[in-house]
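Each chain, written out:
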Amino acid sequence: MNPRLFYWSLSSALAGFLFGFDTVVISGAEQTIQALWGLSPAVHGFAMGAALYGTVVGSLIGGWPADKFGRRATLLWVGVLYVASALGCAFAWNVEVFIGARFIGGLGIGVSTVVAPMYISEIAPPAHRGKLAGMFQFNIVLGIVIAYLSNALLSGIGDSAWRWMLGVAAIPSVIYTVMCFTIPESPRWLLTKKGNREKGLRVLSLIEPDATPSQLEATANDIVTASTQQASSRGFWSMRLRVPIMLAFLVAFFNQMSGINAILYFAPRIFELTGLGTKAALLQSIGIGITNLVFTFVGLWLIDRLGRRTLLTIGSYGYIASLGACAWAFFSGHFSIVPLCIFAFIAAHAIGQGTVIWVLISEIFPNQFRATGQSLGSATHWVFAALITTVFPAVVSAFKPGYIFTFFCGMMVLQLVWVRTMVPETKGVPLEEIQRQLKVHLH
C-alpha cells in the first residue's frame, strides 16, 4: 500500500481516537464533578449527556461544511473543536461552562463521524478502502482503552485529578489538528464540488503514483461522468436514492438495536445482576475494552478479504448466539456464564457492525449526496444511541434482564434477514461503480 495514503487515512482516522477518548474519559471524573458543584441528579445527568446532545447536532449538520468548504477544512475544524472542549473542561469554573465545553466536544464527535470515514473512502483505492476507512472505528476503540488507562494513571494526583483527566485530551487533539494540515483535499470533492480539475489530478497522482497521465485522466473522467450522470435537481429525499437511504438508515438502526451502547454504558449494572459486585468496573474497563480492540483489529484484517456483507453475517450469528445465551442464563439462573456471553457479544459487534458501519455508509451514496448520506447514517446512529441510553435504566428496572436480552436477540435475527436479503457486497468495487450497482440513476 502507498505509505502516503496510509498516513493520510491515519491522520483522518485519528478523529476517531479523539471521539473514543472524549466519550469515555468522563467516566473517571463524573462523581467528583457532581460532588464539587453539588449537582442534583437531573443537572448531573444533563451535564454527563451534554456531549451526546452535541454529537446528535454535529452529525445532523456535518455534511454541510464538508460539501461547502471541503473535507480537509472540516476535519481541521473538528480538531479545533476537540482542543476547545478539552481546555474548556479542564478550566471550567462552573457547571454551565463545563456543559458548554462538553457540548462543543460532542459537536466535534458528530461531525467527525460524518467527514472522516467519507474522506478516507474518497481517497482510498477500492482494494484497500475497507481497512483504511475501518481505521476510524479501530481508533475509536483504541481511544476508549487509552482513556481508561489515562484515568487510572491520573486518578491519584490530588483534588484536581479530574481536570487533568479531561484536559489531557488537548494533547492528541493538537497532534491531530497539526496532522490535518499535511493532508490533501479529497480529489472527488475537488473534481465534483469545486470543479478544480488541475488540483484533483494532482491529488490523484499522489494517490496512484504509478499511474500514467492518461490513466489519471481516465479516472478523473469517470469520477466526473458518474457525478454528472447521478446529478439530480430533486434533492436528497427522492425515490431514486431509496436504496442507499434505506441501507444507511438500517445499518445504523440495527447497530444500536443490538444493545451495544446499553451494554457498554451499563455493564457494571448488568454484571452486578449476576452477583459479581466489585469486579464489575474492572470487567467493563479492561476486559470489554481489550476484547473490543482485538476483534476490531481482526475485523479490519478481514473486511477487504471477506467483504462487508460477510462480516455483517458473521457478526449477526455471533450476536444471536451471545444474546440468546445471555437471555437463557438470566432465565435459568446460570449467572456465571453471563460475563463470557458479554465478551462474546462485544467480539461479535467488533468484527461485524463495529467494523462495517462507517465503511458501508461512506461507500453507497453518489458523490453529489455522499456528505448528506453520511450525515443521515451518522445521525440515525446517534439518535438511537441517545434514546436507548436514556430509556435503558427504566427498562431494566421494569423488566427482567432475560426479557431485555431476548428483545435484542430478536432484533439481531431481523438484522440477519436484512443482511442476507438486501445488503450488497461493496468489497473492491470503485465508488462510482457501486452507485451503478445500486441502480442510482438520478436523471
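Residues numbered from 1 in each chain as written. Predicted model: local features only at pLDDT ≥ 70, side-chain atom pairs only at ≥ 80, totals over all residues. Heavy atoms only, no water.

Concerning the overall build of the protein
Part 1: Helix and strand counts for the protein stand at 21 helices and 0 strands.
Part 2: A compact globule built from 443 residues would reach a C-alpha radius of gyration of about 22 Å, and the protein, at 22 Å, matches this within 12%.
Part 3: In terms of overall dimensions, the protein has a C-alpha envelope of 65 × 50 × 40 Å along the principal axes.
Part 4: Of all intrachain contacts in the protein linking residues separated by at least 6 positions in sequence, the fraction that spans at least 24 positions is 83%.
Part 5: A distance of 5 Å separates the average location of the 28 positive side-chain charges in the protein from that of its 18 negative side-chain charges. (Helix = DSSP H or I, 4+ residues; strand = E, 2+ residues; numbered from the N terminus. Rg over C-alpha atoms; globule rule 2.2 N^0.38 Å. Contact = heavy atoms within 4.5 Å. Lys, Arg positive; Asp, Glu negative; His and termini not counted. Charge placed at Lys NZ, Arg CZ, Asp CG, Glu CD.)

A few points about the side chain of Asp22
Part 1: As for its position among the elements, Asp22 is in helix α1 (residues 3-25).
Part 2: Those residues in contact with Asp22 that lie beyond four places of it in its chain are Ala51, Ser85, Arg102, Gly105 and Ile109.

Section: helix α17 (residues 308-332)
Part 1: Taking 1.5 Å as the rise per residue, α17 with 25 residues should run 36 Å; its terminal C-alpha atoms sit 36 Å apart, in good agreement.
Part 2: Once α17 finishes, Gly333 follows within two positions and takes phi at roughly 85°, a positive value. (Expected span 1.5 Å × (residues − 1).)

What about the pattern of salt bridges?
Part 1: Under the criterion given, the structure shown has 10 salt bridges.
Part 2: For Arg197, the salt bridge is made with Glu217, and the minimal N-O distance between the two is 2.7 Å. Residue Arg197 is located in helix α11 (residues 197-207), and its partner Glu217 is located in helix α12 (residues 213-229); the two are separated by 20 residues in the primary sequence.
Part 3: In this structure Arg197 comes out as partly exposed when scored by relative accessible area, which is 31%.
Part 4: Under the relative-accessibility criterion, Glu217 is labelled partly exposed at 32%.
Part 5: For Arg202, the salt bridge identified is with Glu198, shortest N-O distance 3.3 Å. With a gap of 4 residues between them, Arg202 and Glu198 both fall in helix α11, about one helical turn apart.
Part 6: Classification of Arg202 by relative accessible area gives partly exposed; the value is 45%.
Part 7: Judged by relative accessible area, Glu198 falls into the exposed class, the value being 57%.
Part 8: Here the residues in one salt-bridge network are Arg129, Lys131, Asp304, Arg308 and Glu363, joined through shared partners. (Salt bridge = Lys/Arg side-chain N within 4 Å of Asp/Glu carboxyl O. Buried < 20%, exposed > 50% of the residue type's maximum accessible area, 1.4 Å probe, protein only.)

What to know about the state of the cysteines
Part 1: Summed over the entire model, instances satisfying the criterion amount to 0 disulfides.
Part 2: In this model Cys341 remains outside any disulfide bridge; the closest cysteine sulfur is found in Cys326, 4.4 Å from its own. (Disulfide = S-S within 2.5 Å.)

Comments concerning the nonpolar core
Part 1: Counting 127 residues, the largest nonpolar core has Phe98, Leu166 and Leu323 as the members making the most contacts within it.
Part 2: Element by element, the count of residues in this core is highest for helix α18 (residues 338-363), at 14 residues.
Part 3: Residues contacting Leu166, with those up to four places away along its chain left out, are Val25, Ile26, Ala29, Ile33, Ala86, Cys89 and Phe98.
Part 4: With 7 residues, the next largest nonpolar core counts Leu191, Leu216, Ala220 and Ile223 among its residues. (Core = buried A, V, L, I, M, F, W, Y, C linked by side-chain atoms within 4.5 Å.)

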